[in-house]
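The residues making up each chain are set out below.
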Amino acid sequence: PYSSADQGWLSYTNNESLAGMKELTQIAVYGNSDVIDSALAELTHGIREMTGTLPAIVSDPDRQASNLIRLALLEEIGVPEEWMDAARIKDLGEEGYAIRRHPENGGGSLYVMANTDRGLLYGTFHLLRILRTGQELDRLDVTDRPRNPLRMMNHWDNMDGSIERGYAGRSIFFQDNRFVEDDARIRDYARLMASIGINGIAINNVNVHRTETQLITRQFLPDVANVAGIFRRYGIRLFLSVNYASPMELGGLDTADPLDSRVGDWWKEKAKEIYEYIPDFGGFVVKADSEHRPGPFTYDRTHADGSNMLAEALEPFGGLVIWRCFVYNCLQNWRDRSTDRARAAYDHFKPLDGQFKPNVILQIKNGPMDFQVREAVSPLLGAMPGTNQMLEFQITQEYTGQQKHLCYLVPQWKEILDFDTFAQGQGTEVKKVVSGGIYPYRACGIAAVINVGDDHNWTGHTLAQANLYGYGRLAWNPDLTEEDITGEWIRLTFGGDSLVSAEIEPMLADSWHVYESYTSPLGVGWMVNPGHHYGPNVDGYEYSVWGTYHFADCHGIGVNRTVKDGTGFVSQYFPENAQRYESLESCPDELLLFFHHVPYSHVLHSGKTVIQHIYDTHFDGVEGVEQLIGRWSKLEGHIDEWRYRNVWERLHIQLDHAKEWRDVINTYFYRKSGIPDAAGRTIY
Ligand code: GCW
């Protein structure tokens, strides 16, 4: 019962290497649950697609059988002690699994083993990856478990079917202010998400408008419960974004003051009602006091007051409050150079450390501004030992080419995850903080704003599927290398043709730098058209209320965020990073204009001046896109026509548009600075 949409990395076509798989003709299952049924369905489907033969489900196989996959809850089978001792079993935890095949043990059957049904589901998807990529099956010995307890997707879907910052069609959940009727697409979506280890999904936009406010009422809860049921069979908990002012909009109260007991009581009743419909409801995602959304500031209360009140309501049911830290003044005066939006999250939240209830998690965007092509890492990450934190990435390419341009974000995310906060001295990387490895967090992990819609290929640009896949894999294990993830995705998605891998790998690997080259130099950001954020407009946000400036004049450019004579943002970092960013000598080139205002003649570590760097990278960026096209063109006939054309067309849009970026940016800075290009290329 799968939808007719592109199956992405769960497609099993073009399989060249069936290595040993043909002999796996039977499956035995030890354990019983809906999630195990899903695992079994995936396994039989995958094997049938790859081998052409439907494996038989057997109930009491011969102990010595060797043509068999055993999907087994550990408590249901007696595993030999030398295979899995108690420590190893415990180590698998609630979501881990082991995949093993020892010819001398267990008669050669292939075991997928776990403590829980979710572990079995993840193990099954791992086994399918092994089969699909043609790895050796003899003496298989894999154990794995996720690093991050919460691995979430955030949808910005509205009930009218539109998606805020969506570039791949309409919502797969909603249409015309209702839930969609045909849920085949949602089921496929759940499969795709489970296969990369996602275990929590918030289905509606954090900007909760009028209709969406009603999602927590009896009008919609049966539909919400239906979707929650689809996800549940794939080990995923459903979350909702809620309107902080719901007690007023739904409950008829005249206040949403978190310290008014009527407000707390209203939420307690509401929580009870929600859990009647969805016993494993994940909880609320909340955007409060941010970009005109209501919040506790109206009542002079703190964000601890606001989130704790909700947390108290959800606590009896095991629900979480995921409270976003994207709180800043969006009505700033551009004439005022002392206010710095980058400071906002830390200034608001750091003083509240330790005041949040254990089922509150603060969700923090990776950068202090807003998902720019390049920005510094948020100094709030790691700065609150007594408060659960999770990281927020943006998969949807709002500022990175809107899925018309190719921009593979795994390299960017790796840099962020590997960023050393120095919160507890050297080795306190972001990935360790958010996975709970540094402070004893009760709940934590990673969330990302998803890039899917109802387009045939889910993501508009077929290669943007790699961002979705890569995010899930990194949320599972941030130590996976970019090369591993990319290689895996290409083989799963396109099969084993080595030319396809050889061309797509470097395309993905280069694409973020290429995009950065022709758009935003040296960490500057925001030179985009206001509102929709697509395309160049150097001064688009320069004289606006959003706190997003580059301060370019005829002498220089950049935001002085130093302690010495700037906004002081730098002081929010732990000393090692603060010192590095404070000084022009040690500030890395790629973030120079994020931290400093410098003359165009300033010489970078690279040896180039700022202005020459701007010119060079913009010319290089366009050439980079030409190379992407050159590589892709070699794949004609190696990839099915639909996907080949899809990417080909978008690459050509990208090329035209990269030229527009190049010429607008170069011309702007030439006119501002009056300094010609040393290489004498055309600037207008
Ligand atoms: O970047 C901004 C986006 C808004 C978004 C907001 C947020 C959902 O432009 O569209 O609103 O961030 O993260 O809340």
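Reading guide: rules and limits
- Residues numbered from 1 in each chain as written.
- Predicted model: local features only at pLDDT ≥ 70, side-chain atom pairs only at ≥ 80, totals over all residues.
- Heavy atoms only, no water.
- Helix = DSSP H or I, 4+ residues; strand = E, 2+ residues; numbered from the N terminus.
- Rg over C-alpha atoms; globule rule 2.2 N^0.38 Å.
- Buried < 20%, exposed > 50% of the residue type's maximum accessible area, 1.4 Å probe, protein only.
- Contact = heavy atoms within 4.5 Å.
- Areas by Shrake-Rupley, 256 points an atom, 1.4 Å probe, with all protein chains shown as cover.
- Lys, Arg positive; Asp, Glu negative; His and termini not counted.
- Charge placed at Lys NZ, Arg CZ, Asp CG, Glu CD.
- Near = heavy atom within 4 Å.
- Polar contact = N/O pair within 3.5 Å; in protein donor to acceptor, adjacent residues only side chain to side chain.
- UniProt positions renumbered as here; feature names shortened; annotations may be inferred.
- Phe/Tyr/Trp six-rings, centres within 6.5 Å; stacked < 30°, edge-to-face > 60°.
- Core = buried A, V, L, I, M, F, W, Y, C linked by side-chain atoms within 4.5 Å.
- Axes fitted to C-alpha atoms, helices over the stretch in contact; angles between N-to-C directions.
- Parallel < 35°, antiparallel > 145°, perpendicular 65-115°, else oblique.
- Nonpolar A, V, L, I, M, F, W, Y, C, P; charged D, E, K, R; others polar.
- Expected span 1.5 Å × (residues − 1).
- Pairing = 2+ DSSP bridges.
- Salt bridge = Lys/Arg side-chain N within 4 Å of Asp/Glu carboxyl O.
- Left-handed = near helix turned anticlockwise from the far one by under 90°.

(A) Spatial organisation of the overall build of the protein chain. When you go through the protein chain residue by residue, the secondary structure sums to 19 helices and 18 strands. For the protein chain, whose C-alpha radius of gyration is 26 Å, the value lies close to the compact-globule estimate of 26 Å for 684 residues. Summarising its shape, the C-alpha atoms of the protein chain cover approximately 80 × 65 × 50 Å along the three principal directions. By residue count, 64% of the 684 residues in the protein chain fall in the buried class. If you take every contact in the protein chain between residues at least 6 apart in sequence, the share linking residues at least 24 apart comes to 72%. About 24400 Å² of surface is accessible on the protein chain, with carbon and sulfur atoms providing 48% of the total. One way to put it: in the protein chain the 63 positive side-chain charges average out to a point 1 Å from where the 93 negative ones average out.

(B) Summary view of the site of the ligand. Neighbouring residues of the ligand: 15 residues in total, closest Glu164, Lys287, Arg324, Asp370 and Glu398. The separation between an oxygen atom of the ligand and a polar side-chain atom of Asn207 is 3.2 Å. A distance of 2.6 Å is found between an oxygen atom of the ligand and a side-chain nitrogen or oxygen belonging to Lys287. When the ligand sits alone it has 340 Å² of accessible area, and the protein chains cover 97% of it.

(C) The UniProt feature "domain: Glycosyl hydrolase family 67 C-terminal" (unreviewed entry) in the protein chain, seen in detail. Per the UniProt record, "domain: Glycosyl hydrolase family 67 C-terminal" (unreviewed entry) is annotated on residues 459-681. Secondary structure within residues 459-681 divides into 52% helix and 2% strand; the distance between the first and last C-alpha atoms comes to 37 Å.

(D) Molecular detail of the packing of aromatic side chains. With the rule as written, the count across this model stands at 37 aromatic pairs. Geometrically, the ring pair formed by Tyr275 and Phe317 is stacked, given 4.6 Å between the ring centres and 10° between the ring planes. Of this pair, Tyr275 sits in helix α8 (residues 261-277) while Phe317 sits in the loop between α9 (303-314) and β13 (320-324), placing them 42 residues apart in sequence. The class for Tyr275 is buried, based on a relative accessible area of 7%. A centroid spacing of 5.8 Å and a plane angle of 65° characterise the contact between Phe281 and Phe284, whose relative ring orientation is edge-to-face. The residues Phe281 and Phe284 share a single accessibility class, namely buried.

(E) Region of interest: the nonpolar core. If you look at the biggest cluster of nonpolar residues, it comprises 207 residues, and the most contacted ones within it are Met153, Tyr189, Met193, Phe231, Ile504 and Phe669. The element that contributes the greatest number of residues to this core is helix α18 (residues 610-633), accounting for ten residues. Apart from the residues within four sequence positions on either side, Tyr189 is in contact with Met153, His155, Ile172, Phe173, Ile201, Phe231, Ile450, Val452 and Trp458. Judged by nonpolar contacts, the second largest core, of 14 residues, contains Leu68, Val79, Leu92 and Met113.

(F) How the structure looks around the packing of helix α1 (residues 34-51) against helix α3 (residues 117-132). With their axes 8 Å apart at the nearest point, α1 and α3 run at an angle of 10° to one another. With respect to their mutual orientation, α1 and α3 come out roughly parallel. Along its contact with α1, which presents Val35, Ile36, Ser38, Ala39, Glu42, Leu43, Gly46, Ile47 and Met50, the element α3 presents Asp117, Arg118, Leu120, Leu121, Thr124, Phe125, Leu127, Leu128, Leu131 and Arg132. Along the lines of polarity and charge, the residues of the contact of α1 with α3 split into twelve nonpolar, three polar and four charged.

(G) Looking closely at helix α6 (residues 221-232). The end-to-end C-alpha separation of α6 is 16 Å, in line with the 16 Å expected for twelve residues at 1.5 Å each. All of the buried residues in α6 are Leu221, Val224, Ala225, Val227, Ala228, Gly229, Ile230 and Phe231. Those residues of α6 that are buried are in contact with β9 (178-179), α4 (184-195), β10 (200-202), β11 (237-241) and α8.

(H) The arrangement of the sheet that holds strand β5 (residues 110-114) in detail. Sheet architecture is open: six strands sit in the order β2-β1-β3-β5-β4-β6, paired in mixed fashion. Of all the strands in the sheet, just β2 (56-58) and β6 (141-144) have a single pairing partner and so form its edges. The average angle at which neighbouring strand axes cross in this sheet is 15°, direction not considered. In terms of strand pairing, strand β1 (residues 26-30) meets strand β3 (residues 68-73) through five bridges, oriented parallel.

(I) Focus on the side chain of Glu503. Within the fold, Glu503 resides in helix α15 (residues 498-518). Among the polar contacts made by the side chain of Glu503, one reaches the side chain of Arg631 at a distance of 2.9 Å. With residues near it in sequence (within four places) discarded, Glu503 still touches Arg631, Lys634 and Leu635.

(J) Spatial organisation of the sheet that holds β11. Ordered by their spatial adjacency, eight strands build a closed barrel running β7-β10-β11-β12-β13-β14-β15-β16, and the pairing between neighbours is parallel. Between one strand and the next, the sheet's axes are offset by a mean angle of 25°, whatever the strand orientation. Against the sheet, helix α11 (residues 410-417) touches β15 (389-394) and β16 (445-449), its axis set at about 160° to β15. Where helix α13 (residues 465-476) meets the sheet, its contacts fall on β7 (150-154), β15 and β16, and the angle it forms with β7 comes to roughly 155°.

(K) Broad picture of the pattern of salt bridges. With the rule as written, the count across this model stands at 44 salt bridges. For Arg145, the salt bridge goes to Asp91, with nearest N and O atoms at 3.8 Å. With a gap of 54 residues between them, Arg145 in the loop between β6 and β7 and Asp91 in helix α2 (residues 86-91) connect regions that are remote in the sequence. For Arg145, a relative accessible area of 39% gives the class partly exposed. The class of Asp91 is partly exposed, set by a relative accessible area of 48%. Between Arg151 and Glu95 there is a salt bridge, with its nearest N and O atoms 2.9 Å apart.

(L) Fine view of the side chain of Thr396. By the element assignment, Thr396 lies in the loop between β15 and α11. A distance of 2.6 Å separates the side chain of Thr396 from the backbone oxygen of Arg165, its partner in a polar contact. When residues no more than four places from it in sequence are discounted, the contact partners of Thr396 are Arg165, Gly166, Tyr167, Gln403, Val449, Ile450 and Asn451.

(M) Structural view of unusual backbone geometry. Phi is positive for Phe371, close to 50°, though the residue is something other than glycine. As for its position among the elements, Phe371 is in the loop between β14 (360-365) and β15. Positive phi outside glycine occurs at Trp526, with the angle close to 70°. If you trace the backbone, Trp526 turns up in the loop between α15 and β17 (556-557). On the basis of relative accessible area, Trp526 is assigned to the buried category, the value being 6%.

(N) Region of the structure containing the packing of α8 against α9. Where α8 contacts α9, the axes come no closer than 8 Å and their chain directions differ by 40°. Between α8 and α9, the angle falls in the class oblique. In this structure, α8 meets α9 at a crossing whose hand is right-handed. Of α9, the residues touching α8 (which contributes Val263, Gly264, Trp267, Lys268, Ala271 and Tyr275) are Met309, Leu310, Glu312, Ala313 and Leu314. For the contact of α8 with α9, the residue count by class is eight nonpolar, one polar and two charged.

(O) Broad picture of the pairing of β15. Of all six residues that make up β15, six are buried, and the element is covered over most of its length. Where β14 meets β15, four bridges bridge the pair, whose relative direction is parallel. Directly across from Leu362, in β15, lies its bridge partner Gln389. As judged from the five bridges shared by β15 and β16, these two strands associate in the parallel manner. What sits directly across from Glu392, in β16, is Ala447.

(P) Region of the structure containing α8. Here α8 spans 25 Å end to end across 17 residues, near enough to the 24 Å set by a 1.5 Å rise per residue. Among the structural elements, α6, α7 (246-249), β12 (283-286) and α9 are those in contact with the buried residues of α8.

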